[in-house]
Amino acid sequence: MSARETNQRFSACMAVLLLLAGMSTVEGKTRWSSLRMVPDADLLPGGDFVIGFDGMLGKSIDEIDSMVLTADSSWMVVSGADTSFDTAFDTSYVVVDTTDPAMFFTQSYMVKLGVVEWVNFHIGYSGGFTLGFKARLLGETSKAMPSLAIGAHNIFNHKEVNHFKYKTDKEINNEFFVAFGKSAERIKLRLHAGIQSMPTVQREVFNPFFAIEKYFGFGLYTALEAHRRDLSYHFHLFANMRALDDKLEISAGAVALESMFFDENKQLSISLSPRSPHAFVGPGIWFGIRFHSRMGFGGKGGFVSTEEKIQKQDETIESLRGEMDSLRQELATATKAVRDVRETMGAMGDSAETVRIKNRVIAELEMLKALYTADEFDPDSVRSVVSRIRRFGERGVAALKEILTDESLDRHVRQYSVTVLGTIGNRSASDVLLDVLARTGDPDLKIEILIALGKMRETRAMYLMEQLANDPNDAIALTAQEVLRRLSEQTGAKISPDLKMRKIPPQQRQTIPESKIEVKEEQPDDAAHDSTGPERGNTSPQKAAEDKPQRKRAKSSDAGSDAAQPAGE
């Protein structure tokens, strides 16, 4: 077979395998070191080891009737016992079997040991003791960086000589090699190439080799290998199945495909008999099994290259980043939960404090009721009670609102809460009074609120006062009219020009609340927001008569003008 034809077949095989690789869309990590016939640049990590067995089924080339290729390219039949011809491997006299040789099965055993990350040793038996080693020069630590290794194998005994049963008087061993490897992860492919040299055989001092390794998923790998022997290329195809977390590998394949499928006349003919005059490599069926492990307890195996370990480290880093993000999220969730618990506990505390303040304010209003209904009125005691309620600030206003709208409480206590709100006089207090005035149906409360809003000069209440100025209840209508007029005079706020106020019968004017008892100005340290105390009492003449008949009433002539007079006048 000519070199041109050999190259054509090699290119065709490469094209077929590349096509299969391109068609495969299996996701998975390509594993290395599954080559069988040629060296590779992949090393085991330190402490890892591989125990392997290889066997090949083929036919011997050393039989009785043979043909010899002479120097002038002619053939002649010789006897196996004829020694007149030099059959050394580096001569042009090559023995070729012309009969149908018997089958044989050769074996070899090998232990590969990762001494350190960059140095591996091979020790085994292949027809005799054999030794090898290799050292890494470059590792695929980046996308642009290839793997590169140098080494020697077949020291003392040559595996191929054993497997192919090649016989010669010359010693064939001590092959040195330089191996290159590069991964194509997108198509899960790895390319191998290099040169090996056999110093003891002149024609084998320059033998390049190539290999394509492909991962198809589910632990299945294929390897197409080609190497040059005796000035001719030989092609080998292997399938490798890995299991047990890539610790166990079983292989099968065909060796010397060009001899297995084509005869010496380049015709298609399937046979395991050697057909090439250069029969250093003959066809055969290959079997192999390898087991990978790690020295020491708890070790994890697998045919893992340095590049894969780097990627695994990157994946571990990414995984740790994900775990850190998860921990941050959990920490944020826990922090929020703690904050929610604190807020809940704070709310519970606030709720308890609110109830406590409300009860305190009710107690103070009960005392205020007692002071207003006593035989002897004590203005200083009234101011003191109001001052204590005002010290609660906004919480006190909120408590007064709850009391004012709680119909289960004593109605007089609710009315006294209006007086205190009017004394506080801030916007929060006026908001409470406006809200209750718009919703309540209690006439006495309406009257008290109107008077309190007048004391506060709250012009926002004028709209409601205009509505109440014609209320069916004469006391409410009269109070609203009087407070409305006072607000207009004191603040300059205009009453609606189209408002027509109904006249109150003179006899009904007797029912308007009496003048409120004035309370002196509080000292600055007694009030948080307003220094003025209540100026008036909080009971109407009817209520005063019900609570304490002997209490003095204001004169009828003063009732109409003073009762409706805004606070502060």
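See the structure shown above.
Quantities reported herein were computed from a predicted structural model and do not represent experimental measurements.

Looking at the side chain of His292
One can find His292 in strand β15 (residues 284–294). Within the structure, the side chain of His292 is placed 3.0 Å from the side chain of Asp48, a separation counted as a polar contact.

Some points on the sheet that holds strand β9 (residues 175–184)
Spatially, the 12 strands close up into a barrel ordered β1-β5-β6-β7-β8-β9-β10-β11-β12-β13-β14-β15, and their pairing is antiparallel. Adjacent strand axes in the sheet meet at a mean angle of 20°, parallel and antiparallel pairs treated alike. When strand β14 (residues 248–255) meets β15, the two strands line up antiparallel, connected through 8 bridges. Paired with Val255 across the strands is Gly284, a residue of β15.

Description of helix α5 (residues 379–390)
Taking 1.5 Å of rise per residue, 12 residues should cover 16 Å, and α5 covers 16 Å from first to last C-alpha, within 8% of that figure. Taken as a whole, α5 has its buried residues at Val382, Arg383, Val385, Val386, Ser387, Ile389 and Arg390.

Concerning the packing of aromatic side chains
This model, assessed by the stated rule, comprises 9 aromatic pairs. For the ring pair Phe53 and Tyr109, a centre distance of 5.3 Å and an interplane angle of 45° mean the geometry is tilted. Of this pair, Phe53 sits in strand β1 (residues 48–59) while Tyr109 sits in strand β5 (residues 103–116), placing them 56 residues apart in sequence. Residue Phe53 is classed as partly exposed on the basis of its relative accessible area, which comes to 23%. By relative accessible area, Tyr109 is classed as partly exposed at 40%. Ring geometry for Phe121 and Phe133: centres 6.4 Å apart, planes at 45°, overall tilted. Of this pair, Phe121 sits in strand β6 (residues 119–125) while Phe133 sits in strand β7 (residues 129–138); the two residues are 12 residues apart in sequence, bridging distant segments of the chain. A relative accessible area of 36% means that Phe121 is categorised as partly exposed. Chaining the aromatic ring pairs together yields one cluster made of Tyr372, Phe377 and Tyr416.

Focus on the pairing of strand β10 (residues 189–197)
Across 9 bridges, β9 lies against β10 in antiparallel orientation. Paired with Ser183 across the bridge in β10 is Arg190. What sits between β9 and β10 in their antiparallel hairpin is a turn of 4 residues, with Lys188 showing a positive phi close to 55°. Here β10 pairs with strand β11 (residues 207–217) via 8 bridges, running antiparallel. What sits directly across from Gln196, in β11, is Asn207.

Things to note about a nonpolar patch on the surface
A grouping of Leu113, Val115, Val116, Trp118, Phe121, Phe133 and Met295 is seen on the molecular surface, where their side chains present a nonpolar patch of about 610 Å² in accessible area. The element contributing the most residues to the nonpolar patch is β5, with 3 residues. By the element assignment, Val115 lies in strand β5.

Details of unusual backbone geometry
Despite not being glycine, Phe218 shows a phi value in the positive range, around 60°. Among the structural elements, Phe218 can be located in the loop between β11 and β12 (220–229). Unlike most non-glycine residues, Asp246 shows phi in positive territory, near 65°. Along the chain, Asp246 turns up in the loop between β13 (232–243) and β14.

Some remarks on the environment of Ser108
Relative to the elements of secondary structure, Ser108 occurs in strand β5. Assessed through its relative accessible area of 5%, Ser108 is described here as buried. Between the alpha carbons of Ser108 and Gly52 there is a distance of 8.4 Å; along the sequence they are 56 residues apart. Leave out the neighbours within four places in its chain, and Ser108 touches Gly52, Phe53, Asp54, Tyr125, Ser126 and His163.

Description of the pattern of salt bridges
Tallied over the entire structure, the rule returns 29 salt bridges. A single network of salt bridges, built from pairs that share partners, joins Arg36, Asp54, Arg242, Glu249 and Arg290.

Quick notes on helix α6 (residues 393–405)
The end-to-end C-alpha distance of α6 is 19 Å, a good match for the 18 Å that 13 residues give at a rise of 1.5 Å each. Of all the residues in α6, the buried ones are Gly393, Gly396, Val397, Ala399, Leu400, Ile403 and Leu404. Along the axis of α6, the buried residues cluster in a sector spanning 165°; they form a single face.

Details of the pairing of β1
Two faces make up the sheet, and in a regular strand the side chains alternate between them. Here β1 lies mainly inside the structure; 9 of its 12 residues are buried. Alignment of β1 against β15, held across 11 bridges, turns out to be antiparallel. Within β15, the position partnered with Met56 by the bridge is Trp286. Two elements, β1 and β5, share 11 bridges in a ladder whose sense is antiparallel.

Digging into the side chain of Thr106
With respect to the secondary-structure elements, Thr106 resides in strand β5. Owing to a relative accessible area of 3%, Thr106 belongs among the buried residues under this scheme. With residues up to four places along the chain from it excluded, the contact list for Thr106 reads Asp54, Gly55, Met56, Asn162, His163 and Lys165.

With respect to the environment of Gly288
Within the secondary structure, Gly288 is located in strand β15. Classification of Gly288 as buried rests on a relative accessible area of 7%. In this structure, the C-alpha to C-alpha distance between Gly288 and Gln107, residues 181 residues apart in sequence, is 9.5 Å.

The rules behind each value
Residues numbered from 1 in each chain as written. Predicted model: local features only at pLDDT ≥ 70, side-chain atom pairs only at ≥ 80, totals over all residues. Heavy atoms only, no water. Helix = DSSP H or I, 4+ residues; strand = E, 2+ residues; numbered from the N terminus. Polar contact = N/O pair within 3.5 Å; in protein donor to acceptor, adjacent residues only side chain to side chain. Pairing = 2+ DSSP bridges. Axes fitted to C-alpha atoms, helices over the stretch in contact; angles between N-to-C directions. Expected span 1.5 Å × (residues − 1). Buried < 20%, exposed > 50% of the residue type's maximum accessible area, 1.4 Å probe, protein only. Phe/Tyr/Trp six-rings, centres within 6.5 Å; stacked < 30°, edge-to-face > 60°. Patch = residues over 30% accessible without salt bridge, like charges linked within 9 Å, V, L, I, M, F, W, Y side chains within 5 Å. Areas by Shrake-Rupley, 256 points an atom, 1.4 Å probe, with all protein chains shown as cover. Salt bridge = Lys/Arg side-chain N within 4 Å of Asp/Glu carboxyl O. Contact = heavy atoms within 4.5 Å. Arc of directions from axis to C-beta.

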